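Chains, contacts and geometry: an overview
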Amino acid sequence: MDVFAEKFADLKILRYDVPGFENLDLRKKLYIYYLSQAALCGRDILWDQNNRYNLSIRSVLETIWKTYKGNRESEEFKLFVIYLKRVWFSNGIHHHYSTGKLPGGFPETYFDELVLLSDWSDFTIPSGKSFEMFISEIRNVIFNPEIEIKRVNLEPDKDLIESSSNNYYQDVSQDEAEIFYAHLKTSAGKEPTSFGLNSTLLKENGKLTEKVWKLDGKYGKAIEQIIFWLTKAKDFAENELQKKTIHHLVEYYKTGDLALFDQYSIDWVKEQEGEVDFVNGFIEMYGDPLGIKGSWESIVNFKDREATKRATILSENAQWFEDHSPVASEFKKAEVKGVSAKVINVAILAGDCYPATPIGINLPNSEWIRERYGSKSVTIENITQAYFLDSVNSGMLEEFAGSTEEIERAKTYGYLAGNLHTDLHECLGHGSGKVREGVNTDNLKNYYSTIEETRADLFALFFIMDVQMIKLGLVPCFDAAKAGYDSYLRNGLITQLTRIESGQNIEESHMRNRQLISRWVYEAGKAKNVVEFVRSDEKTFVRINDYQELRNLFGQLLKEIQRIKSEGDFEAAKSLVEKFGVKVDSTLHNEVLTRFKKLDLAPYAGFLNPVYELKTWPCGTPIDVLIRYDEDYTSQMLRYSRDFGFLPLVN
Ligand code: ZN
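Residues numbered from 1 in each chain as written. Predicted model: local features only at pLDDT ≥ 70, side-chain atom pairs only at ≥ 80, totals over all residues. Heavy atoms only, no water.

A complete count under the given rule lists 46 salt bridges for this structure. In this structure, Glu631 engages Arg639 in a salt bridge whose closest nitrogen and oxygen atoms are separated by 2.7 Å. Of the residues examined, Arg639 reaches a relative accessible area of 17% and is grouped as buried. Residues joined by salt bridges that share partners form a network here, namely Glu330, Arg436, Glu560, Arg563, Glu567 and Asp569. (Salt bridge = Lys/Arg side-chain N within 4 Å of Asp/Glu carboxyl O. Buried < 20%, exposed > 50% of the residue type's maximum accessible area, 1.4 Å probe, protein only.)

As structure tokens, this is what we get:
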């Protein structure tokens, strides 16, 4: 399957594979199918949440796309199409990442021409407006830079609600909203529901009131469909707890009662046995500057058996790794428990997870539920795989890898090495080692997270080249480890600099830790020329001359980092991080930025979903669910608007 689908503006569209879907039994396939239908039904909700004009604008733009009779080959029409594709990608008129309003990108007068030469006979204008009024309002929202400027404003010198153009609050100031919800919170007990999560806050006759998102409330037409498909899905659930989870979710959608949402979340966390899992609801609060309102999203997924096996092998051998780690024996755990990590493949992405998507999930968000019942943390294998496949073809490797041998190794073993690194880091690295009695790791203050990430990375780097990895059947040979070392140093010394602006230092703790490790081993191995910078064609590359010696250096540094954590040695932490992790070599940095710019890569990616088709025979009895990957971006977006567009233009 070709991962790359298309590129426009600052975006690229990729496809993900759903490995193992065909081999699931029919019951699971149907369970996934019905949950996927439920997932797609909430699309309009997110659009309306993002901005009150979004559904109108989408409808106008799509009508033009479908019916415009003018020259569809002109440069201006192409610019119009790019704008439409960007709006689709962002689920509205604001950039999905920066949240600033997308520029129209074509002349305002051209918009009038598009409207004039399109067919509006099937178009339903929101009541109380003439066509001319409606169109001129839409034109103003698209082209006037003074209105609907930013979806989420976080600059504290302005009223965060009035300066944000999302649709969560209507005629309400920040003070009013804060007082409204603070009051609800103080009068709640120790297990407060997520107040305000599922409603629009507005003023009615001068009084604050919530319009709740539920079956007989706001967004009811879409919620009705979600309930319909969830109810169908319930019959195919794998166990009683899954059924109960869906039951609570449906009741919550019917009533809007947030206590039922908590019930759903608790059951959802407890349910660990089934193979299929899903998220569906008003979940993340990033779209609201006050962090109260939940944007609608859904993901349906199932366990990746192979990848979970890999994580399980590591987890079961956790003690062996602890015993053989290079740290001082006084800082080793006598008894270690591996963290069991679940690796999943997504079957559908929807709402706020589509087309831009996270690569991991950690839910629920309710603090007290997390403390009492824990949380589910998963890695999405097929999305990381798609990113990897795209990255090996992006030109980055050819530009920044030092030799054809290195490129080949990366293409063959890079994915395996990357996954093993993550598994070792997450399942074992963070959990390894112990702190000396009486020591508080808070001592390390602002250096703590960099030191902790350094420790987990070094654990992974040290063991990925251990012969035990071959014995456990996790790697076929040391080339996987070599690919891991190549990519780690290439990133830590060179390519991660592409994410830093010229003249800036490194702030983010994962980036600091990667440079710390890479710079430290470079310096420590200088005498033996373990790692060197080489120049060719006025470009700088990293070359590893001695992989075995490099592994020893990783081990030495791990020993020291563990000591720093175990003893809470603030001075040592500070000096290592400041010396190796923070400062950027400005000459190298500028060279890297120039080389990166030439590659002209889209900084943001999103994903197309596969198409699921229910096969029935005879008399509507389902006999299989087919999966296809051939739908293109425009077709998918138009199909979703046609088949899952349940809400009126104004809500
Ligand atoms: Zn970590």
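The rest of the description comes next.
Next up on the list: empty space enclosed by the protein. In this structure the tally under the stated criterion is five cavities of 30 Å³ or more. For the largest cavity, the calculated volume is near 70 Å³. In this structure, the largest cavity is lined by Trp268, Asp277, Val279, Asn301, Lys342, Ile344, Ile361, Lys376, Ser377 and Val378. Secondary-structure elements contributing two or more residues to the lining of the largest cavity are strand S6 (276-284), strand S8 (342-351) and strand S10 (376-380). (1 Å grid on protein atoms, 1.4 Å probe; cavity = no way out; pocket = protein on both sides within 12 Å on 5 of 7 lines; lining within 4 Å. Points joined across faces, edges and corners; volume = space filled by probe spheres on them. Helix = DSSP H or I, 4+ residues; strand = E, 2+ residues; numbered from the N terminus.)

A few words on the sheet that holds strand S7 (residues 295-303). One open sheet holds the five strands; their spatial order is S6-S7-S8-S10-S9, and the pairing between them is mixed. Either end of the sheet is taken by a strand with one partner, and the two such strands are S6 and strand S9 (360-363). Within the sheet, the average angular offset between the axes of one strand and its neighbour, ignoring direction, is 35°. The strands touched by helix H2 (residues 43-50) within the sheet are S6, S7 and S8, with S7 carrying the most contacts at an inclination of about 140°. (Pairing = 2+ DSSP bridges. Axes fitted to C-alpha atoms, helices over the stretch in contact; angles between N-to-C directions. Contact = heavy atoms within 4.5 Å.)

Here the chain is described as being made up of domain 1 (20-47 + 151-303 + 612-651), domain 2 (54-92 + 102-147) and domain 3 (310-336 + 367-605). The distance between the C-alpha centroids of domain 2 and domain 3 comes to 47 Å. (Domains from an automatic or database assignment.)

Turning to the coordination of the zinc ion, a few remarks are in order. Every protein donor of the zinc ion is listed here as His425 (NE2), His430 (NE2) and Glu453 (OE), and their distances to the metal cover 2.1 to 2.2 Å. Each donor residue of the zinc ion lies on the same chain, and together they follow the pattern H-x4-H-x22-E. Note that His425 is positioned in helix H16 (residues 404-429) and Glu453 in helix H17 (residues 448-464), a separation of 28 residues in sequence. We note that His425, like Glu453, is buried. (Donors = N, O, S within 2.8 Å, 3.2 Å for Na, K, Ca; no water.)

With that out of the way, let us pick up helix H7 (residues 174-186). Count 3.6 residues to each turn of an α-helix, and residues three or four apart come out pointing the same way. When the terminal C-alpha atoms of H7 are compared, their 18 Å separation across 13 residues agrees well with the 18 Å that a helix rising 1.5 Å per residue should span. By the burial criterion, the buried members of H7 are Gln174, Ala177 and Tyr181. Viewed end-on, H7 has its buried residues packed into an arc of 70°, placing them on one side of the element. Those residues of H7 that are exposed and angled more than 90 degrees off the buried face are Asp175, Ile179, His183 and Thr186. Those residues of H7 that are buried are in contact with strand S3 (169-170), strand S4 (199-204) and strand S5 (207-212). (Expected span 1.5 Å × (residues − 1). Arc of directions from axis to C-beta.)

What follows deals with the side chain of Thr441. Along the chain, Thr441 turns up in the loop between H16 and H17. In this structure, Thr441 is in contact with Val435, Tyr448 and Lys565, ignoring residues within four places of it in sequence.

The next subject is the packing of helix H4 (residues 75-90) against helix H24 (residues 633-644). As a packed pair, H4 and H24 sit with axes 11 Å apart at the nearest point and diverge in direction by 60°. Classified by the angle their axes make, H4 and H24 are oblique. The hand of the H4/H24 crossing is left-handed. Listed contacts from H24 to Lys85, Trp88 and Phe89 of H4 are Tyr633, Thr634, Met637 and Leu638. (Parallel < 35°, antiparallel > 145°, perpendicular 65-115°, else oblique. Left-handed = near helix turned anticlockwise from the far one by under 90°.)

Of all hydrophobic cores here, the largest spans 119 residues; its most connected members are Phe111 and Leu230. Sort the elements by how many residues they give to this core and helix H1 (residues 26-40) lands first, with nine residues. Those residues in contact with Leu230 that sit more than four places away from it in its chain are Leu35, Ala38, Ile246, Leu249, Val250, Tyr253, Phe278 and Asn280. (Core = buried A, V, L, I, M, F, W, Y, C linked by side-chain atoms within 4.5 Å.)

Size it by volume and the second largest pocket reaches roughly 600 Å³. Considering the residues around the second largest pocket, the lining is formed by 26 residues, among which Ser59, Thr63, Asp122, Phe123 and Leu649 are closest to the centre. When residues of the lining of the second largest pocket are traced back to their parent elements, those giving at least two are helix H3 (54-67) and H24. The biggest single contributor to the lining of the second largest pocket is H3, with seven residues.

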